[in-house]
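Spelled out, the chains give:
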Amino acid sequence: MSRPISIHSTFSFLAIFLVLLTSYSCSDEKELETGLTTINLVDAYSNAAPVNLSDFASDIEYIRLETSEEVFYRFIYLKTTLGDSAILMKSNDRISLFDRETGAYIRDIGHKGDDPEGFSNAMSSLGINSSNKTVYAKGKRFDLYEYSLDKGLLVNTISGPKMDELKSSFSVGSIMDATFITSQGILQDKFAVGYFMNIKGNEPLRLVVYDFNGEVLKIHPNHQSYEKNKNAIRIESSDFHNYNNALFFKENFNDTVFSVGIDTLMPALLYELGEFSPPYAEQESMSREKRNEYMIIYTTLQSPDFVFYNVAFKEKQAYGYYNRKTKEAFLSDPSTSDKKTGYTNDIDNFVSFYPTSINEKGEMLGLITAEEVYEWFQDNPDKVASLPENLQTLKNIEPEDNPVVMIAKLK
């Protein structure tokens, strides 16, 4: 989501701002390439209905994460699993492993801090390097840090790209005039990709691809601009995700998901939004009410047979999927909920499913808060007896507990 923030010339705000996931986007870039997958969300919305989990999944595994004074997370993100043994969780200031079978806390990976080995932000967008058995986090300034999953120690520093534009960013008088990287992705476990937020309204840079020594391999320019509000800045959440050994990237005000190569940027998925396509040029000048008239796709996940997406529309969030075989797009009906409508859990007739990632085994991972589980039991006392035994054990959960992990086996 986004919100306006009053900006003064004090450039110290940059230190805080760099840890935020931000982006702009381009609705005009709709290059149709051979093999481009088009997902028609206009038709999907016109036929919006509850989307059943059984449409694409066959089984769900539940893991209740341990809660204690030492192991408590206010904001937590489920990133991936390490085989069948562990679950990797991230918050802004913590990276932790939990036992996949029992949910017991195992250990932290690295730590947040100003010391040489402390990361500045765990960054949920950054995943793991399976071959090296490491996990990535944001280091100092534009560096990335790589920590051992076995011992939790810092093993490598990935230097930020060697660019004059980044060096000068720390000497300009106002953040409005700055050029800097606000989010990053990893390509083929050998290269990093940095995204430049269009703070100025006419930022000339879009993406930079560089090796782990900071040597720049490719710079992709930005050709889009918008009407700048000089007294405010709007923060957006960009989306990097990995699939099939490739890196994909999308901006909020853009209908296209791009495949990022070492020296290429190719359209891979096109969300057909029609009249609901958000206009890039008005992204900062439009009112909140106007913005709610457009569809904003915040996240995309891919599997061999499906594409999954999260859509913000009319002040609500809806989830849907595209079937690659039948070429049909589906979207849950946002009118059935006050805030969000996930995938209806018709497999266990339990809480709805909200995916966060897909692991290397092709399992879809989701997270449900303890409060949502607690409320389900309070609202559905007549359904408790029909739940599987493993789910009935969750009825003693407290709203302040750590969340419950859901792992769906995709068809």
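Residues numbered from 1 in each chain as written. Predicted model: local features only at pLDDT ≥ 70, side-chain atom pairs only at ≥ 80, totals over all residues. Heavy atoms only, no water.

Caption draft 1: Representation of the overall build of the protein within the structure. Assigned secondary structure in the protein consists of six helices and 28 strands. Within the protein, the proportion of its 411 residues that are buried is 56%. (Helix = DSSP H or I, 4+ residues; strand = E, 2+ residues; numbered from the N terminus. Buried < 20%, exposed > 50% of the residue type's maximum accessible area, 1.4 Å probe, protein only.)

Caption draft 2: Geometry of the sheet that holds strand 8 (residues 128-129). Taken in spatial order, the four strands of this open sheet run 8-9-10-11, and their pairing is antiparallel. Among the strands making up the open sheet, the edge pair consists of strand 8 and strand 11 (154-158). Alignment of strand 8 against strand 9 (residues 134-138), held across two bridges, turns out to be antiparallel. Paired with Ile128 across the bridge in strand 9 is Val135. (Pairing = 2+ DSSP bridges.)

Caption draft 3: Quick look at the sheet that holds strand 18 (residues 246-250). With mixed pairing, five strands are arranged side by side in an open sheet as 2-20-19-18-17. Edge positions in the sheet fall to strand 2 (37-40) and strand 17 (239-243), since each of these pairs with one other strand and no more. Neighbouring strand axes in the sheet, compared pairwise and without regard to direction, differ in orientation by 25° on average. Direction of pairing for strand 18 relative to strand 19 (residues 256-260): antiparallel, over a ladder of three bridges. (Axes fitted to C-alpha atoms, helices over the stretch in contact; angles between N-to-C directions.)

Caption draft 4: Layout of the nonpolar core. Ranked by size, the top nonpolar core spans 32 residues in total, and within it Phe56, Phe308, Tyr343, Phe350, Met364, Val373 and Phe377 carry the most contacts. Elements with a contribution of two residues or more to this core: strand 3 (57-64), strand 22 (306-313), strand 23 (316-323), strand 27 (363-368), helix 5 (370-379) and strand 28 (404-410). Ignoring any residue separated from it by four or fewer positions in sequence, one finds Phe56 in contact with Val51, Phe306, Phe308, Tyr321, Tyr343, Met364, Lys409, Leu410 and Lys411. (Core = buried A, V, L, I, M, F, W, Y, C linked by side-chain atoms within 4.5 Å. Contact = heavy atoms within 4.5 Å.)

Caption draft 5: Up close: the pattern of salt bridges. Following the criterion strictly, the structure yields 12 salt bridges and no others. In this structure, Arg100 and Glu61 form a salt bridge, with 2.8 Å as the shortest nitrogen-oxygen distance. Of this pair, Arg100 sits in the loop between strand 6 (94-99) and strand 7 (105-108) while Glu61 sits in strand 3, and the two are 39 residues apart along the sequence. What you see here is one network of salt bridges that share partners, running through Glu61, Asp84, Arg100, Lys361 and Glu363. (Salt bridge = Lys/Arg side-chain N within 4 Å of Asp/Glu carboxyl O.)

Caption draft 6: Broad picture of the environment of Leu97. Among the structural elements, Leu97 can be located in strand 6. Along the primary structure Leu97 and Thr81 are separated by 16 residues, whereas in three dimensions their C-alpha atoms are 9.0 Å apart. Residue contacts for Leu97: discarding those within four places in its chain leaves Leu82, Ala86, Ile87, Leu88, Ala104, Tyr105, Ile106, Arg107, Ile109 and Leu149.

Caption draft 7: Structural view of the environment of Ser148. Within the secondary structure layout, Ser148 lies in strand 10 (residues 144-148). The exposure class assigned to Ser148 is buried, which follows from its relative accessible area of 12%. As a C-alpha pair, Ser148 and Gly110 span 38 residues in sequence and 8.3 Å in three-dimensional space. With residues near it in sequence (within four places) discarded, Ser148 still touches Ile109, Lys133, Thr134, Leu153 and Val155. At a separation of 3.1 Å, a polar atom in the side chain of Ser148 contacts the main-chain amide nitrogen of Lys151. (Polar contact = N/O pair within 3.5 Å; in protein donor to acceptor, adjacent residues only side chain to side chain.)

Caption draft 8: Region of interest: unusual backbone geometry. The phi dihedral of Arg141 is positive, around 50°, even though this residue is not glycine. Along the chain, Arg141 falls in the loop between strand 9 and strand 10. A positive phi angle, near 55°, is found at Asn244, a position not held by glycine. Structurally, Asn244 can be placed in the loop between strand 17 and strand 18.

Caption draft 9: The arrangement of the pairing of strand 24 (residues 328-331) in detail. Only one face of strand 24 is buried: it carries Ala329 and Leu331, and the other face, with Glu328 and Phe330, is open. The pairing of strand 23 with strand 24 spans four bridges and is classified as antiparallel. Across the sheet, Tyr321 pairs through a bridge with Phe330, a residue of strand 24. Remark: four residues form the turn of the hairpin made by strand 23 and strand 24, two consecutive strands paired antiparallel; Lys327 in that turn has positive phi of roughly 60°.

Caption draft 10: Structural context of the packing of aromatic side chains. Per the counting criterion, the structure on display carries 28 aromatic pairs. Both rings, one in Tyr136 and one in Phe212, keep their centres 6.4 Å apart while their planes meet at 75°; by these two values the pair is edge-to-face. Placement of the pair is Tyr136 in strand 9 and Phe212 in the loop between strand 14 (205-211) and strand 15 (216-221), with a sequence separation of 76 residues. Of the two residues examined, Tyr136 and Phe212, each falls in the buried class. An angle of 40° between the planes, with centres 5.8 Å apart, marks the rings of Phe306 and Phe308 as tilted. Ring pairs connect the aromatic residues Phe56, Phe306, Phe308, Tyr319, Tyr321, Phe330, Tyr343 and Tyr354, which therefore count as one cluster. Its guanidinium or amino end placed over the ring of Phe258, Arg206 lies 4.8 Å from that ring's centre, counting from NZ or CZ. The cationic tip of Lys340 hangs over the ring face of Tyr354; the distance from NZ or CZ to the ring centre is 4.1 Å. (Phe/Tyr/Trp six-rings, centres within 6.5 Å; stacked < 30°, edge-to-face > 60°. Lys NZ or Arg CZ within 6 Å of the ring centre and 35° of its normal.)

Caption draft 11: Quick look at a negative patch on the surface. A contiguous patch of negative charge on the surface is contributed by Glu371, Glu375, Asp379, Glu398 and Glu400. Within the secondary structure, Glu398 sits in the loop between helix 6 (389-392) and strand 28. Of the residues examined, Glu398 reaches a relative accessible area of 42% and is grouped as partly exposed. (Patch = residues over 30% accessible without salt bridge, like charges linked within 9 Å, V, L, I, M, F, W, Y side chains within 5 Å. Areas by Shrake-Rupley, 256 points an atom, 1.4 Å probe, with all protein chains shown as cover. Lys, Arg positive; Asp, Glu negative; His and termini not counted. Charge placed at Lys NZ, Arg CZ, Asp CG, Glu CD.)

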